Amino acid sequence: MPHKLSDKKSSASDSASLHGKKLAVLGTGKLGGILLRAYLRQGLFSAKNVTATVKHPEKAVALAKELGIHAATENRKAVYGADIVLLGVKPQVVGEVLKEIAPALSANTLVISVAASVPISYLEQHAGGKVPVVRAMPNTPATVGCGMTGICRGAHATRAHLDTAQAMFDAVGRTVVVDEKNMDAVTGLSASGPAFVYIILESLAEAGVKVGLPRDISTLLAAQTMKGAASVVLETGEHPAQLKDAVTTPAGCTIDGILELEEGKLRVTLIKAVVKATQRASELLFEK
Ligand SMILES: NC(=O)c1ccc[n+]([C@@H]2O[C@H](COP(=O)([O-])OP(=O)(O)OC[C@H]3O[C@@H](n4cnc5c(N)ncnc54)[C@H](OP(=O)(O)O)[C@@H]3O)[C@@H](O)[C@H]2O)c1
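As the structure is a computational prediction, the values presented were derived from the model and not from experiment.

### Observations concerning the site of the ligand
And step 1. Around the ligand sit 27 residues in total, of which Gly-27, Gly-29, His-56, Ala-115 and Ala-116 are the nearest.
And step 2. Mapped by element, the contributors of at least two residues to the shell around the ligand are helix H2 (30-42) and helix H5 (91-101).
And step 3. Tallied by class, residues from the shell around the ligand come to 13 nonpolar, 10 polar and 4 charged.

Written as structure tokens, this is what we have:
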């Protein structure tokens, strides 16, 4: 199996290789902020080596105050001297930001983009020269170190560049290297996925309330059950169908619940949700 479910994170030496590197985060919104806060919390990068940018000056002031970093609105200035540039702006803004920073980039600057929908060819073309590029698709559970990120590298990025990017995403969860043709699928499944899972979790918690549980207990039961089931899949590598069978006693309660799920078309609905999100992921770049 190319990516064993139980594979562990990269070694401490990988993240140690980031020490002393200068990082510029361009577009420090929800996702950029989650990643940056995690890096500072873990000491992956030190505050003095980090510059962050946003669009609104007042947000830059707030970020600088909160995180003790240099924060601004000028992207090109932020990039001069940076070893790694993390692009966290919306897909439609990536082109203009790259155009702005291109004069400050070189073959020694690793550009990592987390923008959905933006292909490596577009990033390379707008970055110019032989700038090494890694495309990544993380998700918001990175905020508690439980993220899932798919990454792939461009023509000028070496194995060492990919390792650097992997160390940055392993620091907030797990990382898998994929072919670029699968990046929209990663977006539709694991980047959009937390929203789908929150809806399922919320529904299970509502169900608990319906059958008489206090809401806080019901939410705990639902969340820990989802976490537990996911952990078993990750830790044993067993097929989810087999694990489901082990819960389903003949003529017991679970099979009655499963019949309801099948009648409500839960499986096909989830499959369609991921297919739609994947299709949408290929459209974002060219929208205004
Ligand atoms: N959210 C997710 O779950 C998720 C998951 C995977 C990938 N992504 C990708 O991550 C990227 C950001 O998504 P998000 O949800 O974090 O969006 P967001 O919260 O709107 O963040 C975008 C940030 O970009 C800043 N910005 C806008 N124009 C800029 C410019 N010209 N120069 C510098 N900064 C600029 C904004 O500044 P202000 O704060 O001042 O407006 C904001 O902080 C997207 O490309 C998305 O595809 C997101």
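### Concerning the packing of helix H8 (residues 183-191) against helix H13 (residues 266-281)
Axes are the key here: two packed helices are described by the angle between their axes and the distance separating the axes.
And step 1. Between H8 and H13, the shortest axis-to-axis distance is 8 Å and the interhelical angle comes to 135°. For the element pair H8 / H13, the angle class is oblique. Like other packed secondary-structure pairs, H8 and H13 cross with a definite hand, here right-handed. Two secondary-structure elements touch here, H8 through Asp-184, Ala-185, Thr-187, Gly-188 and Leu-189 and H13 through Val-274, Ala-277, Thr-278 and Ala-281.

### Thoughts on unusual backbone geometry
And step 1. The phi dihedral of Ala-251 is positive, around 60°, even though this residue is not glycine.
And step 2. Positive phi is not limited to glycine here, since Lys-265 has a value of about 60°.
And step 3. With 11 C-beta atoms packed within 10 Å, Lys-265 lands in the exposed category.

### Points about the sheet that holds strand E2 (residues 50-53)
Within a beta sheet, neighbouring strands are joined by backbone hydrogen bonds and run either parallel or antiparallel to one another.
And step 1. The mixed open sheet is built from 8 strands, whose spatial order is E3-E2-E1-E4-E5-E6-E7-E8. Edge positions in the sheet fall to strand E3 (70-72) and strand E8 (173-177), since each of these pairs with one other strand and no more. Across the sheet, the mean angle separating the axes of adjacent strands is 20° when strand polarity is ignored.

### Focus on the environment of Val-89
And step 1. In this structure, Val-89 sits in the loop between strand E4 (84-87) and H5.
And step 2. What makes Val-89 buried here is the crowd of 25 C-beta atoms within 10 Å.
And step 3. The spacing of Val-89 and Thr-109 is 20 residues in sequence and 18 Å in space, taken between C-alpha atoms.

### Looking at the pairing of strand E1 (residues 23-26)
And step 1. Burial of E1 is two-sided: the residues Leu-23 and Val-25 facing one way and the residues Ala-24 and Leu-26 facing the other way are all buried.
And step 2. With 4 bridges connecting them, E1 and E2 associate as parallel partners. In the strand pairing of E2, Leu-23 is matched with Val-50.
And step 3. Taken together, E1, H2 and E2 constitute a β-α-β crossover, and its handedness is right-handed.
And step 4. Note: E1 against E4, 4 bridges, orientation parallel. Within the sheet, the bridge partner assigned to Ala-24 lies in E4 and is Val-85.

Analysis parameters
- Residues numbered from 1 in each chain as written.
- Predicted model: local features only at pLDDT ≥ 70, side-chain atom pairs only at ≥ 80, totals over all residues.
- Near = placed C-beta within 6 Å.
- Helix = DSSP H or I, 4+ residues; strand = E, 2+ residues; numbered from the N terminus.
- Nonpolar A, V, L, I, M, F, W, Y, C, P; charged D, E, K, R; others polar.
- Axes fitted to C-alpha atoms, helices over the stretch in contact; angles between N-to-C directions.
- Parallel < 35°, antiparallel > 145°, perpendicular 65-115°, else oblique.
- Left-handed = near helix turned anticlockwise from the far one by under 90°.
- Contact = placed C-beta atoms within 7 Å.
- Buried ≥ 20, exposed ≤ 12 C-beta atoms within 10 Å, placed from the backbone.
- Pairing = 2+ DSSP bridges.
- Right-handed = clockwise from strand over helix to strand, strands pointing away.

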